[in-house]
Amino acid sequence: MLLGLTPTRRLLSHRRCLLQCRSIRSENTATSAALDSVLSAFRSICGDDGVSLGEAVREQHGKDESVHRCCPPDVVLFPRCVEDVSALAKVCHSHHLPIIPFGTGTGLEGGVGAVKGGVCFSLRNMDQVLDLHQEDFDVTVEPGVTRKALNAYLRDTGLWFPVDPGADASLCGMAATSASGTNAVRYGTMRENVLNLEVVLADGTIIHTAGKGRRPRKTSAGYNLTNLFVGSEGTLGIITKTTLRLYGIPEAMVSAVCSFPSVQAAVDSTVQVLQAGVPIARIETHPLLGEFTDTLVITAQMFYTEFLDDVMIDACNRFSSLSYPVTPTLFLEFHGSERSLEEQVNTTEDITQSNGGSDFQWARDAETRNRLWKARHDAWYAALALRPGSKAYATDVCVPLSRLPQIIVETKEDLIENRLTGPIAGHVGDGNFHCLMVVDPSDPEELHRVHLFTERLARRALAMDGTCTGEHGVGIGKRALLCEEMGHMAIKVMHDLKNALDPKNLMNPGKILQPREL
């Protein structure tokens, strides 16, 4: 049935045939006029160069870093300010056109795919650091500002923003997915570091979740609207500004690598270090395939504890030209004063050695530390290099710390039994780990085995009182798992909230929530 005078969601989906078959215009004057009217309205707001119908641009904005297929929007818009975003949203709202926000496209759950067609709002041109209050340790940024860009801006202030998901993601996009990363054990996730948000709702209304211009370190005023939108993945509104907590750059930093005979030994060390009150910045662990060996990375005032298994360590060694033992390994980093670091390091060494850990390999200068952590952040690419031409999918479960050894061991056994390549890297300080599933995209049988494995892994985490996603979000692929995790009544409340803020279901439809049962 042809479109009438009233524009609908199908409006822009007819664009290609209208452009390719000019004769249709003469037969469908009303349809053509409606389409031209919408595009004219878009151009009047953000200019000719702010509206793109090009296939390459649309495809670029229809896919993130995930394995989910590309779902290009019908048109891509490039607003320059919040007023543009609001005006464009009003046009979409009146014509019933879906809206998909786009930051840098570094997401891992298909969150930017236009599964119902519609209009992509690419926010890269809104790239200003707006308000820096050094004395108050906070800053307000637009959605085009990335994590690395902000820290470069802060370089001479003695401050930094520590939430580090690995990718150079948009900070507003990080808020939208409640991202975290290697140092969440010390600094928390985006949820703990966002003070206020400016959000454009589906109908173009602009709101400030903590009040316009407000940035208190804490508040008990009203409903927590800020954390309602943090993690909403663009389904409730478009985040156009975020006010963030900042932190002082530590006086001293030191990183270390320690190998262990087993996953259990590595995780036991992590738990005991945390119980001893050592303020670790990050601890990452890498368990290996075959023999269960693990590596730990530690940071003073420990900001990070990262675990890599043997397969992951081997991949990182090859990709980054390193020579760490191919056993379970912890990467640790400590932040603090010179005096406090010495005590923290001594305590951590005593604990790791009591669990069979190797002597620490130290990285004290900035260049060596950056190289060590770059190897960890390049784990995604190191995994892909194991099978050239492959694609990767990262699982994202999180469990209580005491259940981490059990789930990692069971997961490695599952990988071996099902002949899958999935090196493991984990933020063991908070119970979150990733299997970087390396798969041949042209092999349907292997893809099916990977799908079944990820479902088993998620349900294994849920059975251990954990979650199906610690930091990547729900997106397209985890909607059914979210229902299992949250339960019917909690999902009903989420649907009610969505309906209250977006009754036409225009904001990033098809993400987080499955269609409501009637």
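Look up a bit, the structure's there.
A few points on the structure. None of these values were measured; they are calculated from a predicted model.

Focus on the side chain of serine 170
Relative to the helices and strands, serine 170 resides in the loop between strand 7 (159–160) and helix 7 (171–177). A relative accessible area of 4% places serine 170 in the buried class. A polar contact of 3.4 Å, which involves the side chain of serine 170, links it to the backbone nitrogen of cysteine 172.

Some thoughts on helix 17 (residues 444–463)
The first and last C-alpha atoms of helix 17 sit 29 Å apart over 20 residues, in line with the 28 Å expected at 1.5 Å per residue. Taken together, the buried residues of helix 17 touch strand 18 (391–394), helix 16 (404–417), strand 20 (432–439) and helix 18 (479–486). Between the side-chain oxygen at the start of helix 17 and the backbone nitrogen of glutamate 445 there is a gap of 3.1 Å, and the oxygen is on aspartate 443. With its phi angle positive at about 70°, aspartate 465 sits one or two positions after the end of helix 17.

Digging into the sheet that holds strand 5 (residues 129–133)
Whenever strands of a sheet pair, they do so through backbone hydrogen bonds, lying parallel or antiparallel. With respect to topology, 5 strands assemble into an open sheet ordered 5-6-10-8-9, the strand pairing being antiparallel. Every interior strand has two partners, whereas the edge strands, strand 5 and strand 9 (206–208), have only one. Going across the sheet, the axis of each strand differs from the next one's by a mean of 10°, ignoring polarity. Two elements, strand 6 (residues 138–141) and strand 10 (residues 238–245), share 4 bridges in a ladder whose sense is antiparallel.

Section: the nonpolar core
In terms of nonpolar packing, the biggest core is built from 39 residues, with Phe307, Leu404, Ile407, Ile408, Phe433, Cys435 and Met437 touching the most fellow members. Cys172, Met190, Phe229 and Leu236 belong to the second-largest nonpolar core, a separate cluster that totals 27 residues.

Details of the packing of helix 11 (residues 263–275) against helix 16
At a minimum axis distance of 9 Å, the contact between helix 11 and helix 16 shows a crossing angle of 155°. Taken as axis vectors, helix 11 and helix 16 run roughly antiparallel relative to one another. Between helix 11 and helix 16 lies a crossing of right-handed hand. Two secondary-structure elements touch here, helix 11 through Val263, Gln264 and Val267 and helix 16 through Leu404, Pro405, Ile408 and Val409. Within the contact of helix 11 with helix 16, the residues separate by chemical class into 6 nonpolar, 1 polar and no charged.

Quick notes on the sheet that holds strand 3 (residues 99–102)
The 4 strands are arranged 1-2-4-3 in an open sheet whose pairing can be described as mixed. Two strands close off the open sheet at either side, each with one partner strand: strand 1 (51–52) and strand 3. Sheet topology places strand 2 (residues 75–77) next to strand 4 (residues 119–122); 3 bridges connect them, and they run parallel. Residue pairing for strand 4: valine 76 is matched across the bridge by cysteine 120. Packed onto the sheet, helix 5 (residues 82–94) meets strand 2, strand 3 and strand 4 and runs at close to 175° relative to strand 4.

Cut-offs used in this document
Residues numbered from 1 in each chain as written. Predicted model: local features only at pLDDT ≥ 70, side-chain atom pairs only at ≥ 80, totals over all residues. Heavy atoms only, no water. Helix = DSSP H or I, 4+ residues; strand = E, 2+ residues; numbered from the N terminus. Buried < 20%, exposed > 50% of the residue type's maximum accessible area, 1.4 Å probe, protein only. Polar contact = N/O pair within 3.5 Å; in protein donor to acceptor, adjacent residues only side chain to side chain. Expected span 1.5 Å × (residues − 1). Contact = heavy atoms within 4.5 Å. Pairing = 2+ DSSP bridges. Axes fitted to C-alpha atoms, helices over the stretch in contact; angles between N-to-C directions. Core = buried A, V, L, I, M, F, W, Y, C linked by side-chain atoms within 4.5 Å. Parallel < 35°, antiparallel > 145°, perpendicular 65-115°, else oblique. Left-handed = near helix turned anticlockwise from the far one by under 90°. Nonpolar A, V, L, I, M, F, W, Y, C, P; charged D, E, K, R; others polar.

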